[in-house]
Amino acid sequence: MFRILWRLARGYRLRPWRSPYLRWRLETYWGLQSEEITCRQFLNFIWGHRRDLRSYALWAARMDSLRR
(Lines give C-alpha, C1' and ligand atoms only; values in the text may rest on other atoms or scores of the structure.)
Protein backbone atom coordinates (compact mmCIF):
# COMPACT_ATOMS: atom_id res chain seq x y z
CA MET A 1 0.00 0.00 0.00
CA PHE A 2 2.79 2.44 0.86
CA ARG A 3 4.49 1.77 -2.47
CA ILE A 4 1.39 3.02 -4.30
CA LEU A 5 1.12 6.12 -2.11
CA TRP A 6 4.83 6.79 -2.64
CA ARG A 7 4.42 6.55 -6.42
CA LEU A 8 1.29 8.71 -6.52
CA ALA A 9 3.06 11.56 -4.71
CA ARG A 10 6.23 11.31 -6.79
CA GLY A 11 7.89 14.68 -7.15
CA TYR A 12 5.51 16.24 -4.61
CA ARG A 13 6.02 14.06 -1.54
CA LEU A 14 6.40 16.97 0.86
CA ARG A 15 3.54 18.92 -0.77
CA PRO A 16 1.13 16.37 -2.30
CA TRP A 17 -1.61 19.00 -2.76
CA ARG A 18 0.57 20.55 -5.51
CA SER A 19 0.81 17.33 -7.53
CA PRO A 20 -0.91 17.76 -10.91
CA TYR A 21 -2.00 14.13 -10.86
CA LEU A 22 -3.49 14.27 -7.36
CA ARG A 23 -5.14 17.63 -8.15
CA TRP A 24 -6.73 16.09 -11.24
CA ARG A 25 -7.96 13.10 -9.22
CA LEU A 26 -9.46 15.36 -6.55
CA GLU A 27 -11.09 17.49 -9.23
CA THR A 28 -12.76 14.50 -10.87
CA TYR A 29 -13.79 12.92 -7.56
CA TRP A 30 -14.72 15.99 -5.50
CA GLY A 31 -15.58 18.54 -8.17
CA LEU A 32 -13.31 21.30 -6.86
CA GLN A 33 -11.32 23.19 -9.47
CA SER A 34 -7.77 21.86 -9.38
CA GLU A 35 -6.20 25.35 -9.41
CA GLU A 36 -8.05 26.22 -6.20
CA ILE A 37 -6.98 23.25 -4.05
CA THR A 38 -5.10 24.41 -0.96
CA CYS A 39 -3.26 22.46 1.68
CA ARG A 40 -6.20 22.79 4.07
CA GLN A 41 -8.72 21.57 1.49
CA PHE A 42 -6.44 18.68 0.57
CA LEU A 43 -6.03 17.61 4.19
CA ASN A 44 -9.77 17.99 4.87
CA PHE A 45 -10.50 15.81 1.88
CA ILE A 46 -7.97 13.17 2.95
CA TRP A 47 -9.36 13.09 6.49
CA GLY A 48 -12.99 13.06 5.39
CA HIS A 49 -12.50 10.30 2.83
CA ARG A 50 -9.82 8.28 4.61
CA ARG A 51 -11.75 5.01 4.45
CA ASP A 52 -12.38 5.31 0.73
CA LEU A 53 -8.77 6.31 0.09
CA ARG A 54 -7.45 3.40 2.16
CA SER A 55 -9.68 1.03 0.25
CA TYR A 56 -8.41 2.47 -3.05
CA ALA A 57 -4.77 2.21 -1.93
CA LEU A 58 -5.23 -1.43 -0.91
CA TRP A 59 -6.92 -2.23 -4.23
CA ALA A 60 -4.18 -0.49 -6.19
CA ALA A 61 -1.52 -2.36 -4.23
CA ARG A 62 -3.24 -5.67 -5.06
CA MET A 63 -3.37 -4.76 -8.75
CA ASP A 64 0.29 -3.74 -8.66
CA SER A 65 1.31 -7.02 -7.04
CA LEU A 66 -0.64 -8.97 -9.67
CA ARG A 67 1.06 -7.02 -12.42
CA ARG A 68 4.48 -7.96 -11.07
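Overview of the structure. (Residues numbered from 1 in each chain as written. Predicted model: local features only at pLDDT ≥ 70, side-chain atom pairs only at ≥ 80, totals over all residues. Heavy atoms only, no water.)

Regarding helix H2 (residues 20–30), the residues found buried are Leu22, Arg23 and Leu26. Here the buried residues of H2 occupy an arc of 100 degrees about the axis, which is enough to place them on one side. Where H2 is buried, its residues touch helix H1 (2–8) and helix H3 (39–48). Gly31 occupies a position one or two residues after H2 and carries a positive phi of about 90 degrees. (Buried < 20%, exposed > 50% of the residue type's maximum accessible area, 1.4 Å probe, protein only. Helix = DSSP H or I, 4+ residues; strand = E, 2+ residues; numbered from the N terminus. Arc of directions from axis to C-beta. Contact = heavy atoms within 4.5 Å.)

What follows covers the pattern of salt bridges. A full pass over the atoms with the stated rule returns two salt bridges. Measuring nitrogen to oxygen at the nearest pair gives 3.3 Å for the salt bridge that ties Arg7 to Asp64. With Arg7 in helix H1 and Asp64 in helix H4 (residues 50–67), the pair connects residues that are 57 residues apart, well separated along the chain. Since its relative accessible area comes to 44%, Arg7 is described here as partly exposed. Ionic pairing is found between Arg67 and Asp64, a salt bridge with its closest N-O pair at 2.8 Å. Here Arg67 and its partner Asp64 are both found in helix H4, three residues apart, which amounts to about one turn of the helix. Classification of Asp64 as buried rests on a relative accessible area of 7%. Via salt bridges that share partners, Arg7, Asp64 and Arg67 belong to a single interconnected network. (Salt bridge = Lys/Arg side-chain N within 4 Å of Asp/Glu carboxyl O.)

Read these as geometric descriptors, not functional statements.
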